[in-house]
Amino acid sequence: MNNQNSNHADVPTAQDLQDEVRRDLLKRLLGISALSLMTPELLQQAAMADTAGKAVMGPVVPDVKPTKLAENVYLIHAKDKFPTPQNKGFFTSIMFIVTEKGVVAIDPSASVRIGEMAIRMIKSVTDKPVIAVINTHYHGDHWMGNQAFAEAYPGIPLYSMKESAEAIKNVLGEQWIKMLLRTTDNETVGTRIVPPTHYVKDGDVLDFGDRQLTIHHLGKCHTPYDLIIEISGTPIVHMGDVIMDHRMAGMGDDEGSFIEGIKVLHKIKERMPDRLYVPAHGNPGKGILDDEINLFETIYNTANKAQAENKSIKEATLMVKATPFMQEYSKTTPDYEDSVAKWTSIAYLEAQQANF
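Residues numbered from 1 in each chain as written. Predicted model: local features only at pLDDT ≥ 70, side-chain atom pairs only at ≥ 80, totals over all residues. Heavy atoms only, no water.

Asker: Any details on the overall build of the chain? Residues and values, ideally.
Answerer: Scanning the chain from N- to C-terminus turns up ten helices and twelve strands. Within the chain, the fraction of its 356 residues that count as buried is 56%. Within the chain, counting contacts between residues at least 6 apart in sequence, those at least 24 apart form 73% of the total. Carbon and sulfur atoms form 50% of the exposed surface of the chain, whose accessible area is close to 14900 Å². (Helix = DSSP H or I, 4+ residues; strand = E, 2+ residues; numbered from the N terminus. Buried < 20%, exposed > 50% of the residue type's maximum accessible area, 1.4 Å probe, protein only. Contact = heavy atoms within 4.5 Å. Areas by Shrake-Rupley, 256 points an atom, 1.4 Å probe, with all protein chains shown as cover.)

Here's what the structure looks like:
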């Protein structure tokens, strides 16, 4: 591994994020309008569900046949954009790469049962063992499947940024376990917190013989600790949640940033142009990077203009929705109406702070 130094001086620590991210995650995934609704009874129910998860297991997740993206590179594609009881929490795609030394899995999705399904699908392609798992960031749908791989392959290294692992250990692990139980009506029961064990940073290279995975951390975008993974010998770049295909991700409470995210997206375009970009949510494609740049810039620039003209956030939202890009984007984005006002509000407040 090539251990180049990385400067995170302007990035908040995991400890700094705990209270902010907890509030946003609770509202976003539990559908609670205010934390005052988190009654002792509700907290007790969540705790009981978590305890039950240690004793029983949710239903087996149906097999999803891997799609071949390149030689020895496969995607177990999650078609849904959000967790439901019907999809049993499988809304995050899983990539795996068959290398000379063994199999590497990236983002094993949102439950132990999904992780088990991924292992079955890997075995349908190769008899090589899985020798590494990479979690692109701290959201549970990208690491909750770690448990299955840790149980099937004891001692397997689970990679992420150190800050992501600390966030999972300190508060977010428990939050995500409980929230997936609720959003799937307990279909993910049995999933435990298995945080990353090995740390990577920007510029590191994981060498698996005939394949090298270059780790990129280009700044704050969807979260402060997003990883992008470049796969040698292929045009493929795994984007984690830095790019999504017609899905507007949560970015509240300073978790993500339009201003910094736009910088990150342009760095990708400059350093890794004309690639097959593989998002954790949605379909791979070469054009989705430009789509995401247009999305970020349309919302932020319009909100910034509205703020500079002393218009309200509601007026800014109407201005964003009236842009030609957003009118087209709305036709193919299932969560558009639920998300556009929230995204505009985040962009407006970020512009307000920048212009203060």
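There's plenty left to go through after this.
Asker: Account for the pattern of salt bridges, naming residues and giving values.
Answerer: For the structure on display, the rule yields 14 salt bridges. Between K263 and E260 there is a salt bridge, with its nearest N and O atoms 3.4 Å apart. Of this pair, K263 and E260 both sit in helix α6 (residues 258–271), three residues apart, which is roughly one turn of that helix. Taking relative accessible area as the criterion, E260 reaches 32% and is therefore assigned partly exposed. (Salt bridge = Lys/Arg side-chain N within 4 Å of Asp/Glu carboxyl O.)

Asker: Now, about helix α8 (residues 313–322): what can you tell me, with residues and values included?
Answerer: Listed in full, the buried residues belonging to α8 are A316, T317 and V320. Summarising the axial view, the buried residues of α8 lie within an arc of 100 degrees, below the 170-degree limit, and thus occupy one face. Of the exposed residues in α8, those oriented more than 90 degrees away from the buried face are K314 and L318. Next to the buried residues of α8 lie α7 (288–308), α9 (324–329) and α10 (336–355). (Arc of directions from axis to C-beta.)

Asker: Account for the sheet that holds strand β2 (residues 73–76), naming residues and giving values.
Answerer: Read from one edge to the other, the open sheet built from seven strands follows the order β1-β2-β3-β4-β5-β6-β7, with strand pairing classed as mixed. Of all strands in the sheet, those with a lone pairing partner are β1 (67–70) and β7 (198–199), marking the two edges. Strand direction decides the pairing type here: strand β6 (residues 158–160) and β7, joined by two bridges, are parallel. What sits directly across from S160, in β7, is Y199. Where helix α3 (residues 112–123) meets the sheet, its contacts fall on β2, β3 (94–98), β4 (103–106) and β5 (130–134), and the angle it forms with β3 comes to roughly 35 degrees. (Pairing = 2+ DSSP bridges. Axes fitted to C-alpha atoms, helices over the stretch in contact; angles between N-to-C directions.)

Coordinates in, geometry out; function isn't part of it.
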